[in-house]
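# Survey of secondary and tertiary structure
Residue-level listing of the chains:
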Amino acid sequence: MERQRENKIPLLFYGWVIVAISFVTLALTYGARYCFSVFYVAILNEFSWPRGSTSAILSVNLLVYAFFAPIAGILMDRFGPRKVFPLGGLLIGLGLIACSSADTVWEFFIYFGLVVGAGISLLGTTPHNPILANWFIKRRGLAVGLAFSGVGFSFPLGILVQWFISNFGWRVSYILTGLMVIIIVVPINAIFQRFRPEEKGVLSDGERNLGDLDNRDENKEIIMDELIVDREWVKVEWTLKKAIRTYRFWALFFFDFLGGLSLMTIVTHQVRFAVDTGFSEIVAASAFGIFGIANVAGHASSFISDRLGREEACYIGIGSSIISIIMLLMVKTPSGLHYLYIYSILFGFGMGLIAATSYTILADIFYGKHLGSITGFIITSLGIGLSIGPWLAGYIFDITGTYRFAFFIAMIALFISGIWIWIASPRKVRLVAGKIRR
């Protein structure tokens, strides 16, 4: 009877609280970035700057995010989220508020590019990945998917921002968006966030109480044991120095680069593309919102990677995204509204599924005390791809007068990314729980 009392699992595993906090945090963090697509239209209307240089504002933000990601990972490993996350929230909020006073491209480069970019790096998926990997093992795909669906939920915030802009102008809208980040993100992370389940007296997945075994690492290994395929690989204490010497590190590096390039080539210019085609700004923003809702569904659907496998889930996401771009290329007049909405659904779902699954793959392959720093360096490639995408599409438009060539490049990049995930082969390191049951 006493033994049963010791093994009793709490009614609410605190890991799900961590998932909820991560969802809200990521929604507002990435909302600060992706709402630039809505601000982009208003900024172009006021200043009439070339699209290449204007979209470069987001490229600077993404470059800073890329090169600050390793620092964010190291800070997370050393200081934990309760110190790092509030700092990131303040940087994002204050940077957005400062954007309200910008009158030159260079001011936007500093406020939105440098300050907001650094804040997003401190609060983004890079530092969240080791937290969720610590809290979940068997249900890692589900937990990461639910938490990272906050990234997708950031897109519907574009509709709110468009309402702000329509009623108060883009300058006041930047102030309101910055205040939302500070008021919500900073306190919930300073008070409720936790790095490891041991801080709440439980182990990963909430399956056992710490009192079951004296050796915590041994207990965790028992939980993970049935998933391991390559025991020699898993036994390695992966540091960045060791990881960078493996082919799997570089396969994931190039996979993330191509995914980031594809995503931001499309996302940054999708509202402007729709407006150029003849849709009203509110209709274009609504398609952006549908994309976000579908992105949430795609992130949340990463639980299928726990059943089918990580690679299989990525292939589903890649296929959905490629088909969606074909739909987007078929939009030539406002009569093609149905193609625009089909694109929004398929691209949002596909990219969400790819994003959530890619972080799960990272944790499956390089799980350990240094996962944050390893994630940070791989995410550098994602950030580089993300930063090139907006500029590339804008530059191609300035030369050709159309986005269609840029969209075709994004489609090819997605196809090649599938080859890199096959090379990384996470299935050869750990099986997923669904394959164990089968």
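## Focus: the pattern of salt bridges
Scanning the model with the defined rule gives eight salt bridges in all. Here Asp276 ties to Arg272 by a salt bridge, and the two come within 3.1 Å at their closest N and O atoms. Within this pair, Asp276 and its partner Arg272 are both found in helix 14 (residues 247–277), separated by four residues, close to a single helical turn. Looking at Asp276, the relative accessible area reads 36%, which means it is partly exposed. Overall, Arg272 belongs to the buried group, its relative accessible area being 10%. One salt bridge connects Arg310 with Asp364, and the closest N-O pair in it is separated by 2.6 Å.

## So, the packing of aromatic side chains
Taken as a whole and assessed by the stated rule, the structure comprises 33 aromatic pairs. Arranged with centres 5.9 Å apart and planes meeting at 45°, the rings of Tyr14 and Trp135 form a pair that is tilted. Note that Tyr14 is positioned in helix 2 (residues 14–34) and Trp135 in helix 7 (residues 125–135), a separation of 121 residues in sequence. No difference in accessibility class separates Tyr14 from Trp135, as the two residues are buried.

## Thoughts on helix 17 (residues 337–366)
Counted at 1.5 Å a residue, the expected span for helix 17 with its 30 residues is 44 Å, and the 44 Å between its end C-alpha atoms agrees. Counting buried positions along helix 17 yields 21 of 30 residues, so the element is predominantly enclosed.

## Focus: the packing of helix 7 against helix 8 (residues 140–153)
The description of two packed helices rests on the angle between their axes and on the distance between the axes. One can describe the packing of helix 7 onto helix 8 by two numbers: an axis separation of 10 Å at closest approach and a directional angle of 150°. Compared by their axis directions, helix 7 and helix 8 come out roughly antiparallel. The crossing of helix 7 and helix 8 is right-handed. Of helix 8, the residues touching helix 7 (which contributes Thr125, His128, Asn129, Leu132 and Ala133) are Arg140, Val144, Ala147, Phe148 and Val151. Class assignment for the residues of the contact of helix 7 with helix 8 results in six nonpolar, three polar and one charged.

## Examining the nonpolar core
Membership of the largest hydrophobic core comes to 127 residues, with the highest contact counts inside it found for Phe108, Tyr174, Leu252, Leu263, Ile325, Phe347 and Phe366. When residues of this core are assigned to their parent elements, the largest contribution, 15 residues, is made by helix 14. Setting aside anything within four residues of it in sequence, one finds Ile325 in contact with Ile266, Phe347, Phe407, Ala410, Met411 and Leu414.

## A few points about unusual backbone geometry
For Ser425, which is not a glycine, the phi torsion comes out positive at approximately 40°. Within the secondary structure, Ser425 is located in the loop between helix 19 (404–424) and helix 20 (433–437). Relative accessible area serves as the criterion here: at 2%, Ser425 is assigned to the buried category.

## A look at the side chain of Thr126
Summarising the element assignment, Thr126 is placed in helix 7. Ignoring anything within four residues of it in the chain, the contact list for Thr126 reads Tyr65, Ala69, Gly73, Tyr359, Gly372, Thr375, Gly376 and Ile379.

## Quick notes on the side chain of Ser302
Its location among the elements puts Ser302 in the loop between helix 15 (281–300) and helix 16 (310–329). By relative accessible area, Ser302 is classed as buried at 0%. Only 2.7 Å separates the side chain of Ser302 from the backbone oxygen of Gly141, close enough to count as a polar contact. Excluding anything up to four places from it in sequence, Ser302 contacts Gly141, Gly145, Leu353, Ala356 and Thr357.

Definitions and limits used
- Residues numbered from 1 in each chain as written.
- Predicted model: local features only at pLDDT ≥ 70, side-chain atom pairs only at ≥ 80, totals over all residues.
- Heavy atoms only, no water.
- Salt bridge = Lys/Arg side-chain N within 4 Å of Asp/Glu carboxyl O.
- Helix = DSSP H or I, 4+ residues; strand = E, 2+ residues; numbered from the N terminus.
- Buried < 20%, exposed > 50% of the residue type's maximum accessible area, 1.4 Å probe, protein only.
- Phe/Tyr/Trp six-rings, centres within 6.5 Å; stacked < 30°, edge-to-face > 60°.
- Expected span 1.5 Å × (residues − 1).
- Axes fitted to C-alpha atoms, helices over the stretch in contact; angles between N-to-C directions.
- Parallel < 35°, antiparallel > 145°, perpendicular 65-115°, else oblique.
- Left-handed = near helix turned anticlockwise from the far one by under 90°.
- Contact = heavy atoms within 4.5 Å.
- Nonpolar A, V, L, I, M, F, W, Y, C, P; charged D, E, K, R; others polar.
- Core = buried A, V, L, I, M, F, W, Y, C linked by side-chain atoms within 4.5 Å.
- Polar contact = N/O pair within 3.5 Å; in protein donor to acceptor, adjacent residues only side chain to side chain.

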